[in-house]
Amino acid sequence: MDAQFWDEMYRSRDQVFSGDPNGVLVTEVTDLPPGQALDVGCGEGADAFWLARRGWQVTAVDISVTALQRAATAAADVEGRVAWTRADLNITPPPATRSTWCPSSTSRSQSSRITPLCAAC
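Observations regarding the layout of surface pockets
In step 1: Of the volumes computed, that of the second largest pocket is approximately 200 Å³.
In step 2: At the level of elements, helix 3 (46-52) and helix 4 (65-73) are the ones that each hand at least two residues to the lining of the second largest pocket.
In step 3: Its residues assigned to classes, the lining of the second largest pocket comprises 6 nonpolar, 5 polar and 5 charged.

See the structure below:
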């Protein structure tokens, strides 16, 4: 599944995912003080929006330009808190940032999980 696959999937519908943040993310992060987060496979941005609205600085990464454009367009209330980044993490490693939490959602067809990070992603 390459960038073309994901762009075509996002172009095929007005909205691919629910727009709700991952339930595990909400459970695990709600009581944490805001910090930096890396949202891998951010898609339309629901997790990044949720984190940013709670004071987090988020680097949101996805392979799909279409998904990132859709997310950035909807991001007016979190401007300056989310850096939308296009990358194929199979080729290029994640941005060098120290992140407290990394939502792992590169494949929404698999169960998503939250991975605590002890070092830079």
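Continuing now.
Digging into the pairing of strand 3 (residues 82-86)
In step 1: Note: strand 2 (residues 57-62) against strand 3, 5 bridges, orientation parallel. Across the sheet, residue Ala60 finds its bridge partner in strand 3, namely Trp84.
In step 2: With helix 4 bridging strand 2 and the parallel strand 3, this β-α-β connection has right-handed handedness.

Details of the nonpolar core
In step 1: Judged by nonpolar contacts, the single largest core of 17 residues is most densely connected at Val29, Leu51, Trp56, Val58, Ala60, Val78 and Val82.
In step 2: Mapped onto this core, the elements with two or more residues apiece are helix 2 (23-29), helix 3, strand 2 and helix 4.
In step 3: With 5 residues, the top contributor of residues to this core is helix 3.
In step 4: In this structure, Val82 is in contact with Ala48, Ala52, Val58 and Ala60, ignoring residues within four places of it in sequence.
In step 5: Residues Ala3, Trp6, Tyr10 and Ala67 belong to the second largest nonpolar core, which totals 7 residues.

Describing the packing of helix 1 (residues 3-11) against helix 4
When two helices pack together, you describe them by how their axes are tilted relative to each other and by the distance separating the axes.
In step 1: For the pair helix 1 and helix 4, interaxial distance at closest approach is 7 Å and the crossing angle is 45°. Between helix 1 and helix 4, the crossing angle belongs to the class labelled oblique. On helix 4, the residues that touch Asp7, Tyr10 and Arg11 of helix 1 are Val65, Thr66, Ala67 and Arg70.
In step 2: Taken together, the residues of the contact of helix 1 with helix 4 break down into 3 nonpolar, 1 polar and 3 charged.

Describing the pattern of salt bridges
In step 1: Enumeration over the complete set of coordinates arrives at 2 salt bridges.
In step 2: A salt bridge links Arg70 to Glu44, with the shortest nitrogen-to-oxygen separation between them at 2.8 Å. A residue pair is termed long-range when its members are at least 10 positions apart, and Arg70 in helix 4 and Glu44 in the loop between strand 1 (36-40) and helix 3 qualify at 26 residues.
In step 3: A salt bridge links Arg53 to Asp77, with the nearest nitrogen and oxygen atoms 2.6 Å apart. Highlighted residues: Arg53 in the loop between helix 3 and strand 2 and Asp77 in the loop between helix 4 and strand 3, separated in sequence by 24 residues.
In step 4: Classification of Asp77 as exposed rests on a relative accessible area of 52%.

A word on the confidence of the model for the protein chain
In step 1: Mean pLDDT over the protein chain: 79, with 77% of residues reaching 70 or higher.
In step 2: By mean pLDDT, the top-scoring element of the protein chain is helix 3 (95), and the lowest-scoring one is strand 5 (residues 113-116) (40).
In step 3: Within the model, pLDDT remains below 50 along residues 104-121, and this stretch shows 44 contacts once partners closer than five positions in the same chain are excluded.

Quick notes on the rules
- Residues numbered from 1 in each chain as written.
- Predicted model: local features only at pLDDT ≥ 70, side-chain atom pairs only at ≥ 80, totals over all residues.
- Heavy atoms only, no water.
- 1 Å grid on protein atoms, 1.4 Å probe; cavity = no way out; pocket = protein on both sides within 12 Å on 5 of 7 lines; lining within 4 Å.
- Points joined across faces, edges and corners; volume = space filled by probe spheres on them.
- Helix = DSSP H or I, 4+ residues; strand = E, 2+ residues; numbered from the N terminus.
- Nonpolar A, V, L, I, M, F, W, Y, C, P; charged D, E, K, R; others polar.
- Pairing = 2+ DSSP bridges.
- Right-handed = clockwise from strand over helix to strand, strands pointing away.
- Core = buried A, V, L, I, M, F, W, Y, C linked by side-chain atoms within 4.5 Å.
- Buried < 20%, exposed > 50% of the residue type's maximum accessible area, 1.4 Å probe, protein only.
- Contact = heavy atoms within 4.5 Å.
- Axes fitted to C-alpha atoms, helices over the stretch in contact; angles between N-to-C directions.
- Parallel < 35°, antiparallel > 145°, perpendicular 65-115°, else oblique.
- Salt bridge = Lys/Arg side-chain N within 4 Å of Asp/Glu carboxyl O.
- pLDDT = per-residue confidence, 0-100.

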